[in-house]
Amino acid sequence: MPKKISHIGIAVGSIEESTPFYRDVLGMEFEGTEVVSEQKVKVAFFVIGDSRIELLEPTGPDSPVAKFLEKNGPGIHHIAYEVDDLQLRLKNLREQGVRLVDETPRTGAHQTRIAFLHPKASGGVLTELCQPAADH
């Protein structure tokens, strides 16, 4: 069962150009940036309550986020829900016949364990499940 919305991922062409809106205009706390090599993205996190906004900038033309931007332009890329036991949650989803992008967890930003559900399984919304690093 999801515990909370961990973050909302927003695809951008440039974190540097997008940061002032979230930090200065909206007044969100900027947590910094990180390159997630496995995902081929640079991410920036902004705190809002118990959740975050995650800006996603592709690190190369073969990045899934680059392909998303090419097809859709900047905008909401995914919604991430925090779960306690990602491995068990994926097992339960497979048993329910839910289509997954990731059959097993992989490493995301901040050393979290993450897995994506296929958008066709969730009404067109790319859904990420994540388990904080302290929990695995």
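Each value, and the rule that gives it
Residues numbered from 1 in each chain as written. Predicted model: local features only at pLDDT ≥ 70, side-chain atom pairs only at ≥ 80, totals over all residues. Heavy atoms only, no water. Buried < 20%, exposed > 50% of the residue type's maximum accessible area, 1.4 Å probe, protein only. Helix = DSSP H or I, 4+ residues; strand = E, 2+ residues; numbered from the N terminus. Pairing = 2+ DSSP bridges. 1 Å grid on protein atoms, 1.4 Å probe; cavity = no way out; pocket = protein on both sides within 12 Å on 5 of 7 lines; lining within 4 Å. Points joined across faces, edges and corners; volume = space filled by probe spheres on them. Nonpolar A, V, L, I, M, F, W, Y, C, P; charged D, E, K, R; others polar.

Student: Now, about the pairing of strand β8 (residues 127-131): what can you tell me, with residues and values included?
Tutor: Burial of β8 is extensive: 5 of the 5 residues sit out of reach of the surface. A two-sided burial pattern is seen for β8, the buried positions comprising Thr127, Leu129 and Gln131 on one face and Glu128 and Cys130 on the other. Sheet analysis places strand β7 (residues 113-117) next to β8, joined by 5 bridges and oriented antiparallel. Bridged to Phe116 within β8 is Glu128.

Student: Quick one: what's the story with the layout of surface pockets, residue by residue and with numbers?
Tutor: Considered as a void within the structure, the largest pocket measures approximately 770 Å³ in volume. Lining the largest pocket are 36 residues, and of these His77, His78, Phe116, Leu126 and Glu128 lie nearest its centre. Listed by contribution, the elements that provide at least two residues to the lining of the largest pocket are β1 (4-11), β3 (41-48), β4 (51-58), α2 (64-72), β5 (75-82), β7 and β8. For the lining of the largest pocket, the leading source of residues is α2, giving 6 residues. Looking at the lining of the largest pocket, its residues break down into 18 nonpolar, 10 polar and 8 charged.

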